[in-house]
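If you want the building blocks of each chain, they are given just below.
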Amino acid sequence: CSWYVMSAMGFYTVDPSRAEYVIGSPLFDEVTIHLGNGKDFRIVANDNSDQNIYIQSATLNGEPLNRPWFSHSAIVDGGELRLNMGPKPNKKWGSAPEAAPPSMSQ
């Protein structure tokens, strides 16, 4: 059931053999993962609610994240993924061809 826990936090792996995670809508407003190396990785969903289920924008460690995925190293290094949620999809966020998650063919 780890896939459910990860998805509820707002990210999941599509291919378990790759070290990338696709971002989804979190169930929680804030989650902190305490890592074995003493660092923390936080996921914060601003304005998260039953109506605000769509990601409007995101930042990773304070820098704009314009793609709907991130690498495992972002978790291991500690930091913060901040998602700004809203009631309608932002069709511009993460929609550029270069923002697509890596596929098994890459």
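To be clear, the structure that these remarks concern was listed above.
Read on for a plain summary of the structure. (Residues numbered from 1 in each chain as written. Predicted model: local features only at pLDDT ≥ 70, side-chain atom pairs only at ≥ 80, totals over all residues. Heavy atoms only, no water.)

**Focus on unusual backbone geometry**
- Of note, Asp47 is a non-glycine position whose phi angle comes to about 60 degrees, a positive value.
- Mapped onto the secondary structure, Asp47 falls in the loop between β4 (40-46) and β5 (54-60).
- Its identity as a non-glycine residue notwithstanding, Asn61 has a phi of 55 degrees, on the positive side.
- Tracing the chain through its elements places Asn61 in the loop between β5 and β6 (63-64).
- Residue classification places Asn61 among the partly exposed residues on the basis of a relative accessible area of 44%. (Helix = DSSP H or I, 4+ residues; strand = E, 2+ residues; numbered from the N terminus. Buried < 20%, exposed > 50% of the residue type's maximum accessible area, 1.4 Å probe, protein only.)

**Observations regarding the pairing of strand β3 (residues 30-34)**
- Residues Val31 and Ile33 point to one face of β3 and are all buried, whereas Glu30, Thr32 and His34, pointing to the other face, are not buried.
- Here β3 runs beside β4; their pairing, made up of 5 bridges, is antiparallel. Within the sheet, the bridge partner assigned to Val31 lies in β4 and is Ile43.
- Between the antiparallel neighbours β3 and β4 lie 5 residues, among them Gly38 with a positive phi of about 85 degrees. (Pairing = 2+ DSSP bridges.)

**What to know about the pattern of salt bridges**
- Counted by the stated rule, this structure contains 4 salt bridges.
- Glu30 is the partner of Arg42 in a salt bridge, and the nearest nitrogen-oxygen pair spans 3.3 Å. Of this pair, Arg42 sits in strand β4 while Glu30 sits in strand β3, placing them 12 residues apart in sequence.
- When its relative accessible area of 27% is taken as the criterion, Arg42 is described as partly exposed. (Salt bridge = Lys/Arg side-chain N within 4 Å of Asp/Glu carboxyl O.)

**Comments concerning the pairing of β4**
- Note: β4 against strand β8 (residues 79-86), 6 bridges, orientation parallel. Note that in β8 the partner of Val44 across the bridge is Arg82.

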